[in-house]
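The residues making up each chain are set out below.
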Amino acid sequence: MKLSSRPLAVFDLDGTLADTAHRQRFLDRKPRDWDGFFGAASEDPPLPEGVRMALDSAEECEVVYLTGRPERCRRDTLAWLGEQGLPKGRIWMRRDNDRRPARQTKLEVLKRLARDREIRVLVDDDELVCDAARQAGFTVVRAQWGAASAALKDAQEREGRT
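The following paragraphs examine the structure supplied in this document. If you're wondering where the values come from, they're calculated on a predicted model, not measured in any experiment.

1. Focus: the side chain of Thr 67
Note that Thr 67 resides in strand β2 (residues 62-70). A distance of 3.0 Å separates a polar side-chain atom of Thr 67 from the backbone nitrogen of Arg 69. When neighbours within four sequence positions are excluded, Thr 67 is seen to be in contact with Asp 12, Leu 13, Ile 91, Trp 92, Met 93, Arg 94 and Lys 106.

Set out below in structure tokens:
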């Protein structure tokens, strides 16, 4: 089987594979410290349930990553994924100036991917992203193993930041 014919398993990062709890303090400030928040991402501990699911998915699927992190975080994100032993895979990141809600930006990418490939599953912690993907016909697993943050949820939906 050619790699390109394998179905895709699409994983979010923050709150799904990466534990962001230690950097929530940057979002509790007014104004929010986005440089600090994203700058500390390389120190995120892995979330074992998400990592296990990604590794298991790699047996039958090509694992790819869909994150609301801005493009400027790509180098640190690639390094973090490698340090955790996660499968190599393409990463879709938010353009640095894109402030649309995560449910909109991620659904746009999912639909584009689905034109050429079967998407076996999306794994994401954002309830609104999960609901939008389900409504569009995608199979979704909502990651509920990370620490929920009201500030992060607000940032994803209203500020288009992650």
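Once you've had a look at it, read on.
2. So, the pairing of strand β4 (residues 119-124)
In terms of burial, β4 is a largely internal element, five of the six residues being buried. Both strand β1 (residues 8-11) and β4 contribute to a ladder of four bridges, which runs parallel. Along β4, the bridge assignment pairs Val 10 with Leu 122. Pairing between β4 and strand β5 (residues 140-142): three bridges, direction parallel.

What counts and how
Residues numbered from 1 in each chain as written. Predicted model: local features only at pLDDT ≥ 70, side-chain atom pairs only at ≥ 80, totals over all residues. Heavy atoms only, no water. Helix = DSSP H or I, 4+ residues; strand = E, 2+ residues; numbered from the N terminus. Polar contact = N/O pair within 3.5 Å; in protein donor to acceptor, adjacent residues only side chain to side chain. Contact = heavy atoms within 4.5 Å. Buried < 20%, exposed > 50% of the residue type's maximum accessible area, 1.4 Å probe, protein only. Pairing = 2+ DSSP bridges.

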